[in-house]
Amino acid sequence: MEREIIVVGAGPSGATVAMALAQMGHDVLLLDRQSFPRDKTCGDAVPSGAIQVLNSLGMAGKIHEANFYPVTKLLLSSPRGYILEADLKPGFNGANSYIVPRLCFDALLKEHAVASGAEFCQAQVKEPIVEDDRVTGVRARMNGLVQEISARLVIGADGVTSVIARALRPDKHQDVHRAVALRAYVDDIEEIPYEVEFYLYKEILPGYAWIFPLGEGQANVGLGMRLDKFRQSGQSLEELLALFLEMPLIKKRLKHGGRLHDIATWQLNFGSQKQLQLAYDGALLIGDAASLINPLTGGGIHNGVISAHLAAEVAHEALAKGDTSLDQLKSYQQRCEEIMSQGMQRSYLLQRSLIYFPWLTDILVGWGKANGHLAQTFIDKL
Ligand SMILES: Cc1cc2nc3c(=O)[nH]c(=O)nc-3n(C[C@H](O)[C@H](O)[C@H](O)COP(=O)(O)OP(=O)(O)OC[C@H]3O[C@@H](n4cnc5c(N)ncnc54)[C@H](O)[C@@H]3O)c2cc1C
């Protein structure tokens, strides 16, 4: 088999790049090891910045019809229990932020990629095919057989355990640039309608616990911690979540003691690690496969979708010139750096400061109360 573009992974990043390139008239084969709908361990908070990009790719009507649960307010609780509550403004062109289970969100995006002209196929990609330092396709298990599919361009969008990144970028991510997180759904909580809640406290800083409402007593709850801090804590994420739900302010909102289901953990690789290579001869990495998670908020959907959009632009130019060499594709790396690097490093600086100066959170929350920008920045960066 020979294709123009293979996208490995049909999460938000892969589906977005596939829909963008298919809409530009390219031949796109979108591969995922799972069939959709499928769950992805996540807080399910989709920021307005990602929605703007999807709207620009023709998804506004589908998103409107899907009736996702909108987010209009944010609560930040500091270690001393200071509370910042703020109204959130809609993003550009009135795009909202939403809480939407990834089971639904990812299926909608994948469906739009297919409607845009991409071909979807369930396949477990084993590795990229590399000839003379150039990626020329992938080896994938499809219908029980390992097959080779060649392509002019391979886009790795296969998440944090990416086989494409592992083959091309053997350097390990350091623990200070990684996190682990646990998410569960609860169906007996008195939620604060349309309000996302972030709890920052000493035991888990610079991580946080969250309650993201889904309506009718349901919410996505969880917590995330930097990997080195988690290892030092000596507790499991399940134990830490139980302690969070035992906090008097939270416990009294759990009508039947907190009925949790679909508890799952997963890892996050932050984009704050320096010198992450994103472009290769014949290949690009996007989203979590490229390690583009914000080190302060743990959000990755926004950067995933932005990187997908940039990758599509660069891939389109490269394919039009008939040149998918690293020389041609490296402008993707430059564009990502221009748009994301500064914010990523600023977030990392703040994240590190919270370890040594936890009281900074109290000050920031107090300051945020006065000027109202902090909450907006936090949700915009998610
Ligand atoms: C607990 C937790 C909470 C989070 N909360 C939020 C949040 O609220 N908001 C936010 O913005 N971000 C959040 N994140 C981060 C967010 O989940 C990711 O950044 C986002 O999913 C990245 O999207 P992606 O498309 O790059 O990768 P993924 O969503 O991981 O998609 C990768 C796809 O590739 C497929 N795949 C993997 N390997 C292969 C293979 N070998 N062959 C074929 N297919 C393969 C997978 O099946 C999957 O469909 C959270 C992360 C965690 C762990």
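Just so it is clear, the structure is predicted and the values come from calculations on it, not from any experiment. (Residues numbered from 1 in each chain as written. Predicted model: local features only at pLDDT ≥ 70, side-chain atom pairs only at ≥ 80, totals over all residues. Heavy atoms only, no water.)

**Focus on the sheet that holds strand E6 (residues 83-87)**
Next, step 1: Spatial strand order, E6-E5-E13-E14-E15-E12-E16: 7 strands in an open sheet with mixed pairing. Pairing within the sheet leaves two strands with one partner each, and these edge strands are E6 and strand E16 (260-269). Recorded for the sheet is a direction-independent mean angle of 15° between the axes of neighbouring strands.
Next, step 2: Two strands pair when backbone bridges link them, and strand E5 (residues 73-77) and E6 are joined in this way by 5 bridges, in the antiparallel orientation. (Pairing = 2+ DSSP bridges. Helix = DSSP H or I, 4+ residues; strand = E, 2+ residues; numbered from the N terminus. Axes fitted to C-alpha atoms, helices over the stretch in contact; angles between N-to-C directions.)

**Quick word on the sheet that holds strand E4 (residues 69-71)**
Next, step 1: Pairing is antiparallel across the open sheet formed by 3 strands, whose spatial order is E3-E7-E4. Edge strands, defined here as strands with exactly one partner in the open sheet, are strand E3 (45-46) and E4.
Next, step 2: Relative to strand E7 (residues 97-99), E3 runs antiparallel, the two being bridged by 2 bridges. Along E7, the bridge assignment pairs alanine 45 with isoleucine 99.

**Quick notes on the environment of aspartate 44**
Next, step 1: Along the polypeptide, aspartate 44 turns up in the loop between strand E2 (28-32) and E3.
Next, step 2: Among the polar contacts made by the side chain of aspartate 44, one reaches the side chain of asparagine 220 at a distance of 2.9 Å. (Polar contact = N/O pair within 3.5 Å; in protein donor to acceptor, adjacent residues only side chain to side chain.)

**Digging into the pairing of strand E10 (residues 134-142)**
Next, step 1: When strand E9 (residues 124-131) meets E10, the two strands line up antiparallel, connected through 7 bridges. In the sheet register, valine 125 faces E10, and the bridge partner there is alanine 140.
Next, step 2: Counting the residues that bridge the hairpin from E9 to E10 gives 2 residues, and of these aspartate 132 lies at a positive phi of roughly 50°.
Next, step 3: Pairing of E10 with strand E11 (residues 145-156) involves 6 bridges; the strand directions are antiparallel. The partner of alanine 140 across the bridge, within E11, is glutamine 147.
Next, step 4: What sits between the antiparallel neighbours E10 and E11 is a turn of 2 residues, in which asparagine 143 has the positive phi angle 50°.

**Quick word on the site of the ligand**
Next, step 1: As a matter of local geometry, the ligand sits amid 35 residues, with Ser13, Asp32, Gly43, Arg102 and Asp288 nearest to it.
Next, step 2: One of the backbone nitrogen or oxygen atoms of proline 12 is found 3.2 Å away from an oxygen atom of the ligand.
Next, step 3: Here a nitrogen atom of the ligand and a backbone polar atom of glycine 300 are 3.0 Å apart.
Next, step 4: Coverage of the ligand by the protein chains reaches 97% of its 990 Å² of free accessible surface.
Next, step 5: Elements with a contribution of two residues or more to the shell around the ligand: helix H1 (12-23), E9, strand E14 (208-215) and E16.
Next, step 6: The class makeup of the residues in the shell around the ligand is 15 nonpolar, 12 polar and 8 charged.
Next, step 7: The two domains that each donate at least three residues to the shell around the ligand are domain 1 (2-69 + 100-174 + 271-355) and domain 2 (176-269 + 357-381). (Near = heavy atom within 4 Å. Areas by Shrake-Rupley, 256 points an atom, 1.4 Å probe, with all protein chains shown as cover. Nonpolar A, V, L, I, M, F, W, Y, C, P; charged D, E, K, R; others polar. Domains from an automatic or database assignment.)

**Here's the deal with helix H6 (residues 237-246)**
Next, step 1: Along H6, the residues that are buried comprise Leu237, Leu240, Leu241, Phe244 and Leu245. Down the axis of H6, the buried side of the element spans an arc of 135°, and every buried residue falls inside it. (Buried < 20%, exposed > 50% of the residue type's maximum accessible area, 1.4 Å probe, protein only. Arc of directions from axis to C-beta.)

**Some details on unusual backbone geometry**
Next, step 1: With omega at 0°, the peptide bond leading from phenylalanine 36 into proline 37 counts as cis.
Next, step 2: Structurally, the position occupied by proline 37 is in the loop between E2 and E3.
Next, step 3: Residue proline 206 is reached from leucine 205 by a cis peptide bond, and omega for that bond is 10°.
Next, step 4: Structurally, proline 206 is set in the loop between strand E13 (195-199) and E14.
Next, step 5: Its identity as a non-glycine residue notwithstanding, asparagine 67 has a phi of 55°, on the positive side.
Next, step 6: Relative to the helices and strands, asparagine 67 is located in the loop between helix H2 (48-66) and E4.
Next, step 7: Positioned with a positive phi, glutamine 275 is a non-glycine residue whose angle comes to about 55°.
Next, step 8: Residue placement: glutamine 275 occurs in the loop between E16 and strand E17 (279-280).

**So, the nonpolar core**
Next, step 1: Counting 76 residues, the largest nonpolar core has Val7, Val17, Leu31, Phe105, Val138, Ile164 and Tyr332 as the members making the most contacts within it.
Next, step 2: The leading source of residues in this core is helix H8 (residues 301-321), at 11 residues.
Next, step 3: If we ignore the near neighbours within four places in the chain, the residues touching leucine 31 are Ile6, Val7, Val8, Gly9, Ala10, Phe120, Cys121, Ala123, Val125, Val138, Met142 and Ile149.
Next, step 4: Core analysis: the next-biggest nonpolar cluster, separate from the first, contains 23 residues, Ile189, Tyr201, Ile211 and Leu240 among them. (Core = buried A, V, L, I, M, F, W, Y, C linked by side-chain atoms within 4.5 Å. Contact = heavy atoms within 4.5 Å.)

**Quick notes on the packing of H2 against H8**
Next, step 1: Put simply, H2 and H8 touch, their axes get as near as 8 Å, and they point 30° apart. The orientation of H2 with respect to H8, classified from their angle, is roughly parallel. Crossing handedness for the pair H2 and H8: left-handed. Where H2 abuts H8, its residues Gly49, Ala50 and Val53 lie against Ile301, His302, Val305, Ile306 and His309.
Next, step 2: When its residues are assigned to classes, the contact of H2 with H8 shows 5 nonpolar, 3 polar and no charged. (Parallel < 35°, antiparallel > 145°, perpendicular 65-115°, else oblique. Left-handed = near helix turned anticlockwise from the far one by under 90°.)

Nothing here speaks to function; it is geometry throughout.
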